[in-house]
Amino acid sequence: MGLSAQRSFLLILTLSSLFVDVSVSRSFPPAVGLAIARQIPLWLRSIRSSKWISRIWNKLKSFITFKELKLGDREEVLSYLKEYLNIFGYLNSTSQSNFSDYFTLDFQSAIITYQKNFNLNVTGNFDRNTSNMISQPRCGVPDIINDTTTMNSGVSNTTTFKPWWKEGKKELIYAADPENNVTNGVRLLFRDVFDRWSKVTSLKFTETTSFNGSDVRIAFVAFDGRGGTVGGAATDYSLGVESVYLDSEEEWVVRGESDEGDVDLEFVMMHVVGHVLVLGHSSVEEAVMYPVVLKEKKTELVFNDLQRIHQIYDVTSK
Ligand SMILES: [Zn+2]
């Protein structure tokens, strides 16, 4: 599977219309019923259905009578755990819903890689810490793409992330999906996030209202319910377009204090724009590019993010 296909991993079935008013509300619907679903737009292509991903998350959430699982064990939940690890790049299966419920050697190897990536004790078992980490909300972009990762497991050294935009291009145009009808507050937040990344690269980001003519397209879409996948980015190398999707079913917070389970829009945007700039995930918890949503809000680039972005971009050429 090519890099393009892998990064364009997740299918969005519906698109929501959001009416966001940050002046009166710190979090915004669909909780209050303002989301209008419609068919997936063509520019958000993928191979996986959001219904299917919801099913996996729900199954994992329902695995509440936790017990540690090890090599040779057989449990129904194992087939779903394999699906989960496959989505995020830890197994190399191209077929979905075809996993056995046995704890196999392949699965053990995937668990070990996952534990290394998330700084967990490397037990090779599906233990409590691993289960807790897997149940956290996270980014939809895989941790391992084409056997390549920038996380701790370092499965390959050939971290050749290639830009999706035309060579030599110094300015990228971005737009929010007009169907979402986002407020000025959200647009300003997008602006700030792009500016912050622009300062550490040789690229300039400019907003446009011409959605179809933009290089980076941002949309809130109904994805997999609250929790689970909060958003992600998908590359279409043939069109030279990067799509950023944000799950409209999250309880988003726009520059405010968040409650348990809320998701901070500024943090998620900082993270996904890192993907727009072809950064992969980091194992450093403090880094913006850490794939799991933690309670602490992270909106500033830390040393680890800067070190990695500087490997790709020559900021001195600005
Ligand atoms: Zn990510």
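Notes on the structure follow. Each chain carries its own residue numbering, running from 1 in the direction its sequence is written. Only residues with pLDDT of 70 or above have their local features reported here, since the model is predicted, and side-chain atom pairs are shown and tallied only from 80 upward, although totals for entire chains, interfaces and linings are computed over all residues. For the side-chain quantities, the full set of heavy atoms in the structure was used; hydrogens and water were omitted.

1. Thoughts on the overall build of the protein chain
Broken down by element type, the protein chain carries 8 helices and 11 strands. Summary of the burial criterion: residues with accessible area below 20% of their type's maximum are buried, those above 50% are exposed, and those between are partly exposed, where the area comes from a 1.4 Å probe applied to protein chains only. Burial statistics for the protein chain: of 318 residues in total, 55% are counted as buried. Long-range pairs, those at least 24 residues apart, make up 70% of the contacts in the protein chain with a sequence separation of at least 6. Accessible surface, the protein chain as shown: approximately 13900 Å² in total, 50% of it carbon and sulfur. What counts as a helix is a DSSP run of H or I of at least four residues, what counts as a strand is a run of E of at least two, and both are numbered from the N terminus. For this analysis, residues touch if any pair of their heavy atoms sits within 4.5 Å. For the area figures, the Shrake-Rupley method with a 1.4 Å probe applies, and any residue is considered shielded solely by the protein chains shown.

2. A word on the environment of Asp-192
By secondary structure assignment, the location of Asp-192 is in helix α6 (residues 184–198). Accessibility expressed as a relative area gives 28% for Asp-192, which makes it partly exposed. Between the alpha carbons of Asp-192 and Glu-266 there is a distance of 8.9 Å; along the sequence they are 74 residues apart.

3. Notes on the coordination of the zinc ion
Only N, O and S atoms count as donors, using a 2.8 Å limit from the metal and a wider 3.2 Å limit for Na, K and Ca, and since water is excluded some coordination spheres may look unfilled. Around the zinc ion, the protein supplies Cys-139 (SG), His-271 (NE2), His-275 (NE2) and His-281 (NE2) as donor atoms, at distances of 2.0 to 2.2 Å. Classification of the site at the zinc ion rests on its 4 donor atoms, whose angles at the metal span 99 to 117°, yielding the label tetrahedral. Look at where the donors of the zinc ion fall in the sequence and you get C-x131-H-x3-H-x5-H. Residue Cys-139 is found in strand β4 (residues 138–139), and its partner His-275 is found in helix α7 (residues 265–276); the two are separated by 136 residues along the sequence. In terms of burial, Cys-139 and His-275 fall into one category: buried. A four-donor site is called tetrahedral if each angle lies between 85 and 135 degrees; a four-donor site is square planar, and a six-donor site octahedral, when trans pairs exceed 155 degrees and the remaining angles lie between 65 and 115; all other cases are labelled irregular.

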